[in-house]
Amino acid sequence: MMLASLRPATSLLSRGCRLSSGPRPKQPSFVVRASSSTAVAEPEGLKINSVPTKPFEGQKTGTSGLRKKVKVFMQENYLANWIQALFNSLPPEDYKNGVLVLGGDGRYFNREAAQIIIKIAAGNGVGKILVGRDGLMSTPAVSAANGGFIMSASHNPGGPDYDWGVKFNYNSGQPAPESITDKIYGNTLSLSEIRMADLPDVDLSRLGVTEYGSFSVEVIDPVSDYLELMENVFDFELIRSLLSRSDFRFIFDAMHAVAGAYAKPIFVDRLGADLRSIANGVPLEDFGHGHPDPNLTYAKDLVDIMHGENAPDLGAASDGDGDRNMILGRSFFVTPSDSVAIIAANAQDAIPYFRSGPKGLARSMPTSGALDRVAEKLSLPFFEVPTGWKFFGNLMDAGKLSICGEESFGTGSDHIREKDGIWAVLAWLSIIAYQNKDRKVGEKLISVSDVAKEHWATYGRNFFSRYDYEECKSEGANHMVEYLRELVSKSKSGQNYGSYTLQFADDFTYTDPIDGSVASKQGIRFVFTDGSRIIFRLSGTGSSGATVRIYVEQFEPNDSKHDVDAQTALKPLIDMALSISKLKEFTGREKPTVIT
């Protein structure tokens, strides 16, 4: 099942995309204790120790793996317990003598964690580990390799006082399903031993194979195979024709995260972009003291550039592990909800992978209905799923879904089973290149905003915004959700909320059309007769406290009103959402942390 598709790589990571050579912070002790271990049955040429351990509370795996503060993971045996519990949860035929992939976003503690994972994998009978050089590999690249371990807390900050995480991707490269993650959690509650190979630390800075009896570790170039995949999806010569134009400028902000390792080899070396178009392109353990979340708040430097004088034509950013994206034109922000709809509407013309047309489209429930209108116009199957990329995987495997997205800056297709930040940027470059393919230098180019406004003129505009209230006290946030659920239970169609009339209110439940599994309590919805929506959710992507998310949406078919600022258009709904939820009363918050 888990045989990786990545070929052995011998080329060096492209020059200029290296990890910081500066001093690293001193590490607290985190090693797995083996002082009282006993030897167990050994594979050929490999000594395996049985390390005694005790369960830890709170190792329940969420949609995006296990995420905690770094210092939690540095507790003796904490990470090792979860890794061993994972192997205890898998059928032996899934990994015995097989190949697993290991990579991460370069954040603090990744290098040390990689050594722990390698030794436990060897101790449980894995035949080979493929690991990205310096432990680097984006989440999309791991997914393209048919899965393995991803060391990342995604878009959360990194460093000694911040976040760390680990995720396991399963046989098609998709996040492990709940049937697996539930078993992992159950096994963490009763774990008493860790199987660990007695190996020296592997030098992850040098490409090549190191053998330890019947087990081997191959350090590979994390970029080359992913680049080859992208070349099979997109028309790189078409994109090169755009990026090499003297009258077109592009900027990509890697946010000192893992996409920095991919940016120069792809955008500069292969596609001809100017080297100066890559900002913050060196992956750093603390992301340069930044928050690697590509949105209007945390990618403010890029936003300022794109709204400044003589701004580039297209700006983009990616997050910590490379699976999220943000797209900007000159003084123009493309909402993620609009982005996936525009990509879907243009995919057949601009992207060779979709030359026969998409098989189907899907979005997460809180994402705006812009994609729904594209599916209707193109007569394509359409699916609305809960938040969490794993819900798209079954549809893709069944051949029912090609392009999908989430309003939380995630966009992707069935080329892999994760969202893909660089894929989304290449998709937008393809659309702009296709729209301008017959325009000579000096002629006015069709811009990002032109593409978006033409889309609105055709399909109408879904004004959309999300308010995030991060690290709220869990007790207050949970009480707010309980209050809203009670309100939903008493709601009736036809009720008036100011000038809006309620069509229905519910707590979203999803029945998977492929395997029949049911996901309940996925978000509280108030849907009004004009198509406007207010949605409330608690997010599970943080490592502490609770993040309250409020989503507001209003459809506007009249193109004379499409240029209104979204916050202005949505203000009545935003005010109503705050009033309905009593958010300030329950959480004490007066302002959101992030508005997108």
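For clarity, every value in this text was computed on a predicted model and none was experimentally measured.

(A) Here's a closer look at the overall build of the chain. Within the chain, the regular secondary structure consists of 17 helices and 28 strands. For a compact globule of 596 residues, the expected C-alpha radius of gyration is about 25 Å, and the chain comes in at 24 Å, within 12% of that figure. Taking the principal axes of its C-alpha atoms as reference, the chain extends roughly 75 × 60 × 45 Å. Evaluated residue by residue, the chain yields a buried proportion of 60% over its 596 residues. Considering only residue pairs separated by 6 or more positions, the chain has 74% of its internal contacts joining residues 24 or more positions apart. Total accessible area on the chain is roughly 23000 Å²; 47% of this is exposed by carbon and sulfur atoms. For the chain, the distance from the average position of its 63 positive side-chain charges to the average position of its 73 negative side-chain charges is 2 Å.

(B) The arrangement of the side chain of aspartate 338 in detail. Counting through the fold element by element, aspartate 338 comes out in helix H10 (residues 336–350). Of the side chains with opposite charge, arginine 461 lies nearest to the buried aspartate 338, which makes no salt bridge, at 4.8 Å. Once residues within four sequence positions are removed from consideration, aspartate 338 is found in contact with Ala370 and Trp456.

(C) Highlighting the pairing of strand S19 (residues 410–413). On S19, burial covers both faces: Gly410 and Gly412 on one face and Thr411 and Ser413 on the other are all buried. Pairing analysis gives 4 bridges linking strand S18 (residues 403–406) to S19, with the strands arranged antiparallel. Residue pairing for S19: glutamate 406 is matched across the bridge by glycine 410. The antiparallel hairpin formed by S18 and S19 contains 3 residues in its connecting segment, where phenylalanine 409 sits at a positive phi of about 65°.

(D) A look at the packing of H10 against helix H11 (residues 370–377). Put simply, H10 and H11 touch, their axes get as near as 8 Å, and they point 15° apart. Looking at the two axes, H10 sits roughly parallel to H11. Taken as a pair, H10 and H11 cross one another with a handedness that is right-handed. In contact with Ser337, Asp338, Val340, Ala341, Ala344 and Ala345 of H10, H11 contributes Ala370, Leu371 and Val374. When its residues are assigned to classes, the contact of H10 with H11 shows 7 nonpolar, 1 polar and 1 charged.

(E) The arrangement of unusual backbone geometry in detail. Positive phi values are uncommon outside glycine, yet serine 154 reaches one of about 55°. Tracing the backbone through its elements, the reader meets serine 154 in the loop between strand S6 (148–151) and strand S7 (163–169). Overall, serine 154 belongs to the buried group, its relative accessible area being 3%. With a phi close to 50°, asparagine 280 is a non-glycine residue in the positive phi region. Relative to the helices and strands, asparagine 280 is located in the loop between strand S12 (278–279) and helix H9 (300–306).

(F) Empty space enclosed by the protein, seen in detail. All told, the structure shown has 5 cavities of 30 Å³ or more when counted by the stated rule. Empty space within the largest cavity amounts to approximately 50 Å³. Forming the boundary of the largest cavity are 11 residues, of which Thr61, Lys167, Phe168, Ala176 and Thr181 lie nearest the centre. Elements supplying a minimum of two residues to the lining of the largest cavity: S7 and helix H5 (178–188). For the lining of the largest cavity, the residue count by class is 5 nonpolar, 5 polar and 1 charged.

(G) Main features of the UniProt feature "domain: Alpha-D-phosphohexomutase alpha/beta/alpha" (unreviewed entry) in the chain. Annotation from UniProt places "domain: Alpha-D-phosphohexomutase alpha/beta/alpha" (unreviewed entry) at residues 59–190, 225–327 and 337–438. Annotated as residues 225–327, this span is 34% helix and 14% strand, and its ends, taken at the C-alpha atoms, are 25 Å apart. As annotated, residues 337–438 comprises 44% helix and 16% strand, and the C-alpha atoms at either end are separated by 29 Å.

(H) Layout of the pattern of salt bridges. Throughout the structure, instances matching the rule amount to 35 salt bridges. The closest approach of N and O atoms between arginine 111 and glutamate 285, which form a salt bridge, is 3.9 Å. Here arginine 111 is found in helix H3 (residues 110–123), whereas its partner glutamate 285 is found in the loop between S12 and H9, with 174 residues between them in sequence. For glutamate 285, a relative accessible area of 14% gives the class buried.

(I) Molecular detail of the sheet that holds S19. Pairing is mixed across the open sheet formed by 4 strands, whose spatial order is S17-S16-S18-S19. Edge positions in the sheet fall to strand S17 (382–385) and S19, since each of these pairs with one other strand and no more. Ignoring which end each strand starts from, the neighbouring axes of this sheet average 15° apart. Where strand S16 (residues 361–364) meets S18, 3 bridges bridge the pair, whose relative direction is parallel. Following the sheet pairing, arginine 363 is matched in S18 by glycine 405.

The rules behind each value
- Residues numbered from 1 in each chain as written.
- Predicted model: local features only at pLDDT ≥ 70, side-chain atom pairs only at ≥ 80, totals over all residues.
- Heavy atoms only, no water.
- Helix = DSSP H or I, 4+ residues; strand = E, 2+ residues; numbered from the N terminus.
- Rg over C-alpha atoms; globule rule 2.2 N^0.38 Å.
- Buried < 20%, exposed > 50% of the residue type's maximum accessible area, 1.4 Å probe, protein only.
- Contact = heavy atoms within 4.5 Å.
- Areas by Shrake-Rupley, 256 points an atom, 1.4 Å probe, with all protein chains shown as cover.
- Lys, Arg positive; Asp, Glu negative; His and termini not counted.
- Charge placed at Lys NZ, Arg CZ, Asp CG, Glu CD.
- Salt bridge = Lys/Arg side-chain N within 4 Å of Asp/Glu carboxyl O.
- Pairing = 2+ DSSP bridges.
- Axes fitted to C-alpha atoms, helices over the stretch in contact; angles between N-to-C directions.
- Parallel < 35°, antiparallel > 145°, perpendicular 65-115°, else oblique.
- Left-handed = near helix turned anticlockwise from the far one by under 90°.
- Nonpolar A, V, L, I, M, F, W, Y, C, P; charged D, E, K, R; others polar.
- 1 Å grid on protein atoms, 1.4 Å probe; cavity = no way out; pocket = protein on both sides within 12 Å on 5 of 7 lines; lining within 4 Å.
- Points joined across faces, edges and corners; volume = space filled by probe spheres on them.
- UniProt positions renumbered as here; feature names shortened; annotations may be inferred.

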